[in-house]
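# Structural description and commentary
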Amino acid sequence: MSVRPPLPYEFLPQVPSFPLSSRDFTEGGTLGQEFVYSGGNLSPQLAWSGLPEGTRSIAVTCYDPDAPTGSGWWHWLALNLPADTTELPRGAGSSDGSLPGEASFHGRNDFPGNTYDGAAPPPGAPHRYVFAVHALDVEKLDVTPDTPPAQVGFNITFHTLGRALLTGEYGV
């Protein structure tokens, strides 16, 4: 068995965590076909609570740290969600209209697209898909739908008050 690299979140400034769960998968569990690119390509349901005081907006991301790129692979960036959001239903990553709030939108992923695009690893060992909910100290990030994912991640990092992670796996 090969050694997996650490999650990039381990190298970012430490911030408080809060509860994050899904009715569609459990921590370390396998993602179902409905959540993979060649299957249903739906974003899973996510629910959270206990955001830190001062949260003004939320970002939700999905990142594959095991992609053979040297820099991972961004699958989903849902940005500028209202601070009172506590859940995204299954399929919320399908379009901007599926997100709560007037200022919310999907950032560009690495496929590239501006939606959720599910697990699509090359054959081999399963990959990890880290779903993160970021509690932010700004109402809107200074990014556009065309901002590269790494630049969005940079902006998220410097506005994060708290972060919750939930990791699913998938392999072919």
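The sections below set out a description of the structure shown in this document. (Residues numbered from 1 in each chain as written. Predicted model: local features only at pLDDT ≥ 70, side-chain atom pairs only at ≥ 80, totals over all residues. Heavy atoms only, no water.)

### Topic: the environment of Tyr-129
When you line up the elements, Tyr-129 lands in strand E7 (residues 127-136). In the structure, Tyr-129 is positioned 37 residues away from Leu-166 in sequence and 8.3 Å away in space, judged by C-alpha atoms. (Helix = DSSP H or I, 4+ residues; strand = E, 2+ residues; numbered from the N terminus.)

### Side note on the pairing of strand E8 (residues 160-170)
Of all eleven residues in E8, eight are buried; the element is thus mostly enclosed. With ten bridges connecting them, E7 and E8 associate as antiparallel partners. Considered in E8, the bridge of Tyr-129 is made with Gly-168. (Buried < 20%, exposed > 50% of the residue type's maximum accessible area, 1.4 Å probe, protein only. Pairing = 2+ DSSP bridges.)

### As for the sheet that holds strand E1 (residues 20-21)
Spatially, E1-E2-E5 is the arrangement adopted by the three strands of the open sheet, whose pairing is antiparallel. For this open sheet the edge positions go to E1 and strand E5 (87-88), each flanked by a neighbour on one side alone. Across two bridges, strand E2 (residues 46-48) lies against E5 in antiparallel orientation. Residue pairing across strands places Leu-46 opposite Leu-88, the latter belonging to E5.

### Some details on the packing of aromatic side chains
In total, this model carries eight aromatic pairs according to the counting rule given. On the numbers, 6.4 Å between centres and 25 degrees between planes, the contact of Tyr-116 with Phe-131 is stacked. Taken as a pair, Tyr-116 in the loop between strand E6 (105-106) and E7 and Phe-131 in strand E7 lie far apart in primary sequence, 15 residues in all. For the pair Tyr-116 and Phe-131, a shared accessibility class is recorded, and that class is buried. Residues Phe-154 and Phe-158 carry aromatic rings whose centres are separated by 4.8 Å and whose planes lie at 50 degrees to one another, so their mutual orientation is tilted. Overall, Phe-154 belongs to the exposed group, its relative accessible area being 52%. (Phe/Tyr/Trp six-rings, centres within 6.5 Å; stacked < 30°, edge-to-face > 60°.)

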